[in-house]
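These are the residues of each chain, in order.
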Amino acid sequence: MESETTDTVRIGGMELRFLVDETQGSGDLVIFEMTVHPNARVPVAHYHREVDEIVYGLSGALTTTVDGRKREVRAGESVLIPRGAVHHHENLGGETSRTLFVLNPGGIGRGYFEEIAEAVSGPGKPDPARLKEIMLRHGLVPA
């Protein structure tokens, strides 16, 4: 199993640390820790065509909306997001949240987040058409 990178991908008020990223190998699994600062900008609501997602709370609270139903994921709690379910994550609290994400199969890995980080880091507002193209190419469909 290919794993272990300590590099962090930063996208605004979010930080992602990849623990396992097999998108370049067998594609079986991606695991990353995501830190979201309070009221940070987060990706738009979307769904995955081919990937199931599990969110497990480590600290703070991440509000995860799945098919219109909001749920706060706190330390020790989890939520399953089956492929095809429209979902969105945000930190509405006053404390930084840390969550563990497991994607199976692992078709959405570090490369996707690096491309998004680059697309939103330039001057001015990000180009929505470019963001959508990146999402679609990696199997995420904006809702």
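Keep in mind that this is a model prediction, so the values were computed, not measured.

1. Examining the overall build of the protein chain
Phase 1: Across its full length, the protein chain carries two helices and 11 strands.
Phase 2: Dimensions of the protein chain, computed from the C-alpha atoms along their principal axes, are close to 40 × 30 × 30 Å.
Phase 3: Looking at the protein chain as a whole, 41% of its 143 residues qualify as buried.
Phase 4: For the protein chain, the proportion of contacts with a sequence separation of at least 24, taken over those separated by at least 6, is 60%.
Phase 5: Of the roughly 7,600 Å² that the protein chain leaves accessible, carbon and sulfur atoms contribute 51%.
Phase 6: Measuring between centres, the 15 positive side-chain charges of the protein chain sit 7 Å from its 21 negative side-chain charges.

2. Topic: the pattern of salt bridges
Phase 1: Under the definition given, this model contains 10 salt bridges.
Phase 2: We note a salt bridge from Asp-52 to Arg-83, for which the minimum N-O separation is 2.9 Å. Within this pair, whereas Asp-52 is found in strand S5 (residues 52–59), its partner Arg-83 is found in the loop between strand S8 (78–81) and strand S9 (87–90), the two being separated by 31 residues in sequence.
Phase 3: Residues Arg-110 and Glu-114 are paired through a salt bridge, measuring 2.7 Å at the closest nitrogen-oxygen approach. Taken together, the residues Arg-110 and Glu-114, both in helix H1 (residues 110–120) and four residues apart, mark about one turn of the helix.
Phase 4: Here Arg-110 falls in the buried class, since its relative accessible area comes to 16%.
Phase 5: Judged by relative accessible area, which is 36%, Glu-114 ranks as partly exposed.
Phase 6: Within this structure, Arg-17, Glu-33 and Arg-98 form a network of salt bridges that share partners.

3. Considerations on the nonpolar core
For soluble globular proteins, the rule of thumb is that nonpolar side chains tend to be buried together.
Phase 1: Counting residues in each nonpolar core, the largest one holds 29 residues, and the members touching the most others are Ile-11, Leu-16, Phe-32, Met-34, Tyr-112 and Phe-113.
Phase 2: Only strand S1 (8–11), strand S2 (14–21), strand S3 (30–36), strand S6 (61–66), S8, strand S10 (97–104), H1 and helix H2 (128–137) provide two or more residues apiece to this core.
Phase 3: Among the elements that make up this core, the one with the highest residue count is H1 (five residues).
Phase 4: When sequence neighbours within four positions are dropped, the list of residues in contact with Phe-113 reads Val-9, Ile-11, Leu-16, Phe-18, Phe-32 and Ile-108.

Scoring rules and cut-offs
- Residues numbered from 1 in each chain as written.
- Predicted model: local features only at pLDDT ≥ 70, side-chain atom pairs only at ≥ 80, totals over all residues.
- Heavy atoms only, no water.
- Helix = DSSP H or I, 4+ residues; strand = E, 2+ residues; numbered from the N terminus.
- Buried < 20%, exposed > 50% of the residue type's maximum accessible area, 1.4 Å probe, protein only.
- Contact = heavy atoms within 4.5 Å.
- Areas by Shrake-Rupley, 256 points an atom, 1.4 Å probe, with all protein chains shown as cover.
- Lys, Arg positive; Asp, Glu negative; His and termini not counted.
- Charge placed at Lys NZ, Arg CZ, Asp CG, Glu CD.
- Salt bridge = Lys/Arg side-chain N within 4 Å of Asp/Glu carboxyl O.
- Core = buried A, V, L, I, M, F, W, Y, C linked by side-chain atoms within 4.5 Å.

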